[in-house]
Amino acid sequence: MSPFDRDAADELLQPDMMGSEAEIAFEGALRPKSLAEFVGQQRVRGQLQLLLDAATIQNRTPDHILLAGPPGLGKTTLAMIVAHESGRPLRLSSGPAIQHAGDLAAVLSSLVPGEVLFVDEIHRMARSAEELLYLAMEDFRIDIMVGKGAGATSIPLDLAPFTLVGATTRSGLLPNPLRDRFGFTAHLEFYDPAELVHVLRRAAVMLELQIEESALVEIAGRSRGTPRIANRLLRRVRDYALVHGGAATRDVVRSALELYDVDELGLDRLDRAVMNILLTRFAGGPVGLNTLAVSVGEESETIESVVEPFLVRIGLIVRTPRGRMATRAGWEHFGLAAPDETISRAVRPARETARQPLFGDEL
Ligand SMILES: Nc1ncnc2c1ncn2[C@@H]1O[C@H](COP(=O)(O)OP(=O)(O)OP(=O)(O)O)[C@@H](O)[C@H]1O
């Protein structure tokens, strides 16, 4: 088997793939309800808290918020927290569901005063709807077009004040006029293993699973910095411990995750395919993102929003002005010798980070 093969891990490690109904229900139950309960993202939490407190003092709706970052890092959860903490109702929608200006007009005109409108994948909303949103965000007003051609007229419609919370994995795709209308943009970062251990410990309690601390650290190190994946791996470990009738120890975690081909760094089939092409066909790069995407038969959006941020973060590739390049650690992870001029980057030491004091005061 080539080091680039193995695909059983795919379903477990895809942060943008939702699982079974049971998993969705589990995710829902796990969502923290307040900023204080939300693990990690200390900076974003502080910024959001200030924004919400200021709105409360002034007795107005909080400013519009854009949440940007890879899938599974907690954007939906934060939107729910914004509504919960400010005591306002929440309406859920998504960019792909808004394919016409009329779809958005229907949602906006039915909002109650102060409602929080969450639009997931906002970069996938139709252009015509985006334009309608500019005025709505700025003045709480929309112009509805009636009729066609020369006889068309626009009827202004006042809206209830609302807070838009947009989520995107591709903030670069949002047109500037839309981006500029958000009072605050939060960039969510991948989680450190210590933070994931905290997320996992909370989930283990909900699953009524007895699990050793070292086992949590082991799962955290393989979770791609993503709480959704950490929780998903924990469920598989729970199954394994249940079937084999033992406590969830570090060895049990290793055996369970080996069964699912989740390697020590948490790489999946697509990561391996990208690394394979980069190392073997392009001699480690530099190579452009689109070329990589075409070579592995995947959308460049997926490579850019899911694969690349993770590979860069763990130090297997770097972005250079001429394209993406494999690092020395990237070559070595696949058991290949790096050319002399290769850039050195340490693989982000998942376990070592986790051995440091686990939680700061903010957790
Ligand atoms: N900071 C956190 N603390 C605890 N649990 C978290 C945290 N962030 C995310 N989770 C958990 O991870 C799961 C996924 O989170 P969520 O759905 O909010 O991610 P998302 O960024 O909206 O993903 P997507 O972009 O795919 O919709 C949820 O079960 C949530 O409870």
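Note on numbering: residues in each chain are counted from 1, in written sequence order. Predicted model: local features are reported for residues with pLDDT of at least 70 only, side-chain atom pairs are reported and counted for 80 or more only, and whole-chain, interface and lining totals are derived from all residues. Think of the side-chain values as coming from all heavy atoms in the structure, minus any hydrogens and water.

Time to look at the pairing of strand β5 (residues 153-158). Both faces of the sheet carry side chains from a regular strand, because those side chains alternate between them. For two strands to count as paired, DSSP must find a minimum of two bridges between them. By definition, any uninterrupted DSSP run of H or I lasting at least four residues is a helix, any uninterrupted run of E lasting at least two residues is a strand, and each is numbered from the N terminus. Where strand β4 (residues 141-146) lies against β5, 6 bridges are found, and the strand directions are antiparallel. By the bridge assignment for β5, Ile144 is matched with Ile155. Connecting β4 to the next strand, β5, in antiparallel fashion are 6 residues, including Gly147 with a positive phi near 85°.

With that out of the way, let us pick up the sheet that holds strand β7 (residues 184-187). Taken in spatial order, the 5 strands make up an open sheet running β2-β3-β6-β1-β7, and their pairing is parallel. Edge positions in the open sheet fall to β2 (90-94) and β7, since each of these has one partner strand only. Strand-to-strand, the axes of this sheet are offset by a mean angle of 15°, without reference to chain direction. The pairing of β2 with strand β3 (residues 116-120) spans 5 bridges and is classified as parallel. Within the sheet, the bridge partner assigned to Leu90 lies in β3 and is Val116. The contact criterion used throughout is that any non-hydrogen atoms of two residues lie within 4.5 Å. Lines fitted to C-alpha atoms define the axes, with helix axes restricted to the stretch in contact, and inter-axis angles between N-to-C directions lie between 0 and 180 degrees. Taken strand by strand, helix α3 (residues 42-57) contacts β1 (65-68) and β7, and its axis lies near 160° from that of β7.

In an α-helix there are 3.6 residues to a turn, and that puts residues three or four apart on one side. Burial classification: accessible surface area is computed with a 1.4 Å probe over protein chains only, and a residue below 20% of its type maximum counts as buried, one above 50% as exposed, and the rest as partly exposed. Taken together, the buried positions of helix α2 (residues 21-30) are Glu23, Phe26, Glu27 and Leu30. Buried positions in α2, seen along its axis, are confined to an arc of 100° and lie on one side of it. Among the exposed residues of α2, those pointing more than 90 degrees away from its buried face are Glu21 and Ala25. Within this analysis, the arc is defined by the directions that extend from the helix axis to the C-beta atoms.

The sites that carry the UniProt feature "binding site: Mg(2+)" (unreviewed entry) are, in the present numbering, Thr76. By the secondary structure assignment, Thr76 is in helix α4 (residues 75-85). Not counting residues up to four positions away in its chain, the partners in contact with Thr76 are Arg31, Phe118 and Asp120. UniProt positions are given in the numbering used here, feature names are shortened, and annotations may be inferred rather than shown by experiment.

As a structural note, the neighbourhood of the ligand is formed by 18 residues, with Val39, Lys75, Thr76, Thr77 and Arg228 the closest of them. Any N or O atom pair separated by 3.5 Å or less is treated as a polar contact, with the protein-specific requirement of one donor-capable and one acceptor-capable atom, and with residues adjacent in sequence counted only for side-chain atom pairs. Between the ligand and Leu73 there is a distance of 3.2 Å, counted from an oxygen atom to a backbone nitrogen or oxygen. For the ligand, an oxygen atom lies 2.6 Å from a polar atom in the side chain of Thr76. Per-residue and other accessible areas follow the Shrake-Rupley method at a 1.4 Å probe size, with only the shown protein chains counted as cover for residues. Protein contact buries 95% of the 630 Å² of open area that the ligand shows by itself. Only α2, α4 and α10 (227-244) provide two or more residues apiece to the shell around the ligand. Sorting elements by how many residues they give to the shell around the ligand places α4 first, with 3 residues. Gly is placed with the polar residues, together with every amino acid not listed as nonpolar (Ala, Val, Leu, Ile, Met, Phe, Trp, Tyr, Cys and Pro) or charged (Asp, Glu, Lys and Arg). Its residues assigned to classes, the shell around the ligand comprises 9 nonpolar, 4 polar and 5 charged. Both domains that meet at the shell around the ligand, namely domain 1 (28-187) and domain 2 (193-259), each give it at least three residues. When we say a residue is near a molecule or strand, we mean one of its heavy atoms is within 4 Å of it. Delimitation of the domains relies on an automatic or database domain assignment.

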